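Working through the structure, step by step
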Amino acid sequence: MKPPHSSWRQYPLAILLSVFSWVASMAADYGKCEVSGVRGSVTLQTVVPGALSVRPTLPAPGWWNGDSPDTIKDGFEYCLAANMAYRAGLDRVIVVNRSFAQVVTGQAKGFDIALSEITITDERKRVLNFTEPYFSSDQGILVKSGTKIDKKRIKNMRLAAEQATTTLQFIMDNIKPVEQPKVYPSVASMYAALAAGQVDAVLYDTPNVLARAKESHGMFEVVGRYDMGEKWGGVVNKESPNLAVFNKLIEDFKNDGTLERLTSRYLTPTLGMDPAKLPVLTP
């Protein structure tokens, strides 16, 4: 009598392929990100079981690399989220679209955390909870290449800012331009207005405008920055049970070198230069 045979060779090829396909589909997906630390070392209560739902601001080269939520597979903030998901024992990151204005006023739902280059302010803290900061930033000045700017000229220029950002208030309170700044609902619409000659300069987070200048093939350049002492944090709604866990994760990322590695991999090459070397304008 032939003894029992437990080898995979006894099964038809079609069955084997089906099993392997099922196993692959069950594997965790963190895009192109390298994750580290201990999987499942913390616990998050998420809106979608087994996944971390994250709200970005698009476009944001270097932070979220891709043209749409479905195409994003890496970037500083995407991979920050991927590492959060991994350490929480979650299998994937879901990128969700929510209005920036709704997020910073506490009106947006259906996400676990917003990682959208959001500046921590006392006013926003009234309706939101911020995590510990994970990045320090200031405001860069993006113009068409060859445009000259100094602290006096900028007052007579047509300036653009995104709706509901700290930049708009900074322009009004400090630069005090002759013409009312134009306000746009998204970053993409600001850049389009600059390309079309509808505005003379866009003020936005320095890393983002440096990335836009680099990918513009010489159309745009960043001519300076305003040092506003801003820090970015993740945003969760007031009712979220996850704030303490997110804070622990960010502190761990600072201490174990994760933030430094993400900066080296995704920001430095994307920006094309060290933001600290840009001239600083005073209002």
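Residues numbered from 1 in each chain as written. Predicted model: local features only at pLDDT ≥ 70, side-chain atom pairs only at ≥ 80, totals over all residues. Heavy atoms only, no water.

Examining the overall build of the chain
Our working definition: For helices the rule is a DSSP run of H or I covering at least 4 residues; for strands it is a run of E covering at least 2, with both sets numbered from the N terminus onward. Residue exposure ignores everything except the shown protein chains as possible cover, and the areas themselves are Shrake-Rupley values with a 1.4 Å probe. In this count, Lys and Arg are taken as positive residues and Asp and Glu as negative ones, while His and the chain termini are left out. Charged side chains are reduced to one point each, which is NZ for Lys, CZ for Arg, CG for Asp and CD for Glu.
Scanning the chain from terminus to terminus reveals nine helices and eight strands. The principal-axis extent of the C-alpha atoms belonging to the chain is close to 95 × 40 × 30 Å. Surface summary for the chain: the accessible area is close to 13,900 Å², and the carbon and sulfur share equals 53%. Within the chain, one finds 32 positive and 29 negative side-chain charges whose respective centroids are separated by 2 Å.

Side note on helix α8 (residues 243–256)
The line we're drawing: The span expected for a helix works out to 1.5 Å for each residue beyond the first. Note on contacts: a residue pair is in contact if any heavy atoms of the two residues lie within 4.5 Å.
The first and last C-alpha atoms of α8 sit 20 Å apart over 14 residues, in line with the 20 Å expected at 1.5 Å per residue. Buried-residue contacts for α8 involve β1 (51–55), α2 (76–87), β3 (113–114), β4 (128–144), β8 (220–237) and α9 (258–271). Glycine 257 occupies a position one or two residues after α8 and carries a positive phi of about 90°.

Looking at the confidence of the model for the chain
How we decide: Per-residue confidence from the prediction method is given by pLDDT, with values spanning 0 to 100.
When pLDDT is averaged across the chain, the result is 89; 91% of the residues are at 70 or more. Low confidence marks residues 1–8, where pLDDT is under 50. Its contacts with residues over four positions away, or in another chain, come to three contacts. The model gives residues 16–25 a pLDDT under 50, and that stretch makes three contacts with residues more than four places away or in other chains.

What to know about the side chain of threonine 165
The line we're drawing: As used in this structure description, the phrase polar contact means that two N or O atoms lie within 3.5 Å; if the pair is within protein, one of them must be able to donate a hydrogen and the other to accept it, and residues adjacent in sequence are counted only when both atoms belong to side chains.
The topology assignment puts threonine 165 in the loop between β5 (159–162) and α5 (166–175). At 2.7 Å, the side chain of threonine 165 forms a polar contact with the backbone oxygen of glutamate 162. Once residues within four sequence positions are removed from consideration, threonine 165 is found in contact with Phe100 and Arg124.

Quick word on helix α7 (residues 206–215)
Heads up, the rule is: Working definition: with a 1.4 Å probe on protein chains only, accessible area under 20% of the residue-type maximum means buried, over 50% means exposed, and in between means partly exposed.
For α7, the buried fraction is high: eight of the 10 residues fall into the buried class. On its buried face, α7 is in contact with β4, α6 (187–195), β7 (201–205), β8 and α9.

A closer look at unusual backbone geometry
Omega for the peptide link from leucine 58 to proline 59 comes to 0°, which places this bond in the cis form. Structurally, proline 59 is set in the loop between β1 and α2. A positive phi angle, near 70°, is found at alanine 164, a position not held by glycine. With respect to the element layout, alanine 164 can be found in the loop between β5 and α5.

Side note on the pairing of β1
When a strand is regular, its side chains alternate between the sheet's two faces. Note the following rule: At least two bridges found by DSSP between two strands is the condition for calling them paired. With the strands pointing away from the viewer, any crossover whose connection runs clockwise from the first strand over the helix to the second is right-handed.
With five of five residues buried, β1 lies mostly within the body of the structure. Burial of β1 is two-sided: the residues Ala51, Ser53 and Arg55 facing one way and the residues Leu52 and Val54 facing the other way are all buried. Bridge count for β1 against strand β2 (residues 92–95) is four bridges, and the pairing is parallel. Residue pairing in the sheet places leucine 52 in a bridge with valine 93 of β2. For the handedness criterion, the β-α-β arrangement of β1, α2 and β2 is classed as right-handed.

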